[in-house]
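Topology and contacts: notes
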Amino acid sequence: MKFVTHEAPVLRSESNYISRVDLERFGFPGLFEQVWLRQREDGLFELCCIPFRIYGLALRDVVRATPDGSLVVEIAQPSGARVLRVLLAPDQGHLETGRQRIETATRDAGLLFEWSGDRHIAVDVPVGADVDRLLRVVFEEENAGANWEWADVEPFR
């Protein structure tokens, strides 16, 4: 088993539980994403990190886990947020500039984000957030070889 981990989950201080999501259903056999959760009194969990590889989940979604809590299995209540993910091109001549441009546009929009390595960023986009400037920067980075996607292009299943 291999794991995608969150070095700095955005709501780490609110989390009290770690579980995982099997990524095989999203085309990554043998890979799991570790997720930080806050266990609620009703037995459900609230997501405290921004998914890097999971489709259909977003920060603050309420989820159900297996009886032992080791595996997230379904969404009980979506938060309404979306996740924008960008994978920057490995071009070392442009990588740092691209990182800075995207991170600056994300911070300027007041959005939370997490990095997975030095090229992959996941951005929390709550309902009503203005992401016009961020998307313009992302489109410019796409011209430089970056790839991007909305994490809700596939449902969580």
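Scroll up a little and you will see the structure.
Attention in this report is confined to the structure presented alongside it. These numbers come from a predicted model, not from an experiment.

Turning our attention to the overall build of the protein chain. Within the protein chain, the regular secondary structure consists of two helices and ten strands. Going from N to C terminus, the protein chain has its helices and strands arranged as β-β-β-β-β-β-β-α-β-β-α-β. Structurally, the protein chain occupies a C-alpha span of about 50 × 35 × 25 Å along its principal axes. For the protein chain, buried positions account for 46% of its 157 residues. The contacts in the protein chain between residues at least 6 apart in sequence include a share of 57% that link residues at least 24 apart. A total of about 8000 Å² of accessible surface is found on the protein chain, and carbon and sulfur atoms cover 48% of it. The centroid of the 18 positive side-chain charges in the protein chain is displaced by 1 Å from the centroid of its 26 negative side-chain charges.

Moving on, we get to the environment of Arg 157. Turning to its location among the elements, Arg 157 is positioned in the segment after strand S10 (147-150). The class for Arg 157 is partly exposed, based on a relative accessible area of 46%. Measuring from C-alpha to C-alpha, the distance between Arg 157 and Arg 60 comes to 17 Å, with 97 residues separating the pair along the chain. With near-sequence residues (within four places) excluded, Arg 157 lies in contact with Arg 25 and Phe 26.

Val 21, Val 35 and Ile 54 are the most contacted members of the largest nonpolar core, which totals 28 residues. Listing elements by their share of this core, those giving two or more residues are strand S3 (31-39), strand S4 (45-47) and strand S5 (62-65). Top element by residues in this core is S3. It accounts for four residues. Those residues in contact with Val 35, other than ones at most four positions away along the chain, are Tyr 17, Ile 18, Ser 19, Arg 20, Val 21, Leu 47, Cys 49, Ile 54 and Val 72. Val 125, Val 131, Leu 134 and Trp 150 belong to the second-largest nonpolar core, a separate cluster that totals 19 residues.

Positive phi values are uncommon outside glycine, yet Arg 60 reaches one of about 70°. Looking at where Arg 60 falls in the secondary structure, it is placed in the loop between S4 and S5. Looking at Arg 60, the relative accessible area reads 35%, which means it is partly exposed.

Quick look at the pairing of strand S9 (residues 120-125) now. With six of six residues buried, S9 lies mostly within the body of the structure. Burial along S9 is two-sided: His 120, Ala 122 and Asp 124 and Ile 121, Val 123 and Val 125, pointing in opposite directions, are all buried. Pairing analysis gives four bridges linking strand S8 (residues 113-116) to S9, with the strands arranged antiparallel. Within S9, the position partnered with Phe 113 by the bridge is Val 123. In textbook terms, the turn of a hairpin is the stretch between consecutive antiparallel strands, and for S8 and S9 this stretch comprises three residues, one of which, Gly 117, has a positive phi near 75°.

Quick notes on the rules
- Residues numbered from 1 in each chain as written.
- Predicted model: local features only at pLDDT ≥ 70, side-chain atom pairs only at ≥ 80, totals over all residues.
- Heavy atoms only, no water.
- Helix = DSSP H or I, 4+ residues; strand = E, 2+ residues; numbered from the N terminus.
- Buried < 20%, exposed > 50% of the residue type's maximum accessible area, 1.4 Å probe, protein only.
- Contact = heavy atoms within 4.5 Å.
- Areas by Shrake-Rupley, 256 points an atom, 1.4 Å probe, with all protein chains shown as cover.
- Lys, Arg positive; Asp, Glu negative; His and termini not counted.
- Charge placed at Lys NZ, Arg CZ, Asp CG, Glu CD.
- Core = buried A, V, L, I, M, F, W, Y, C linked by side-chain atoms within 4.5 Å.
- Pairing = 2+ DSSP bridges.

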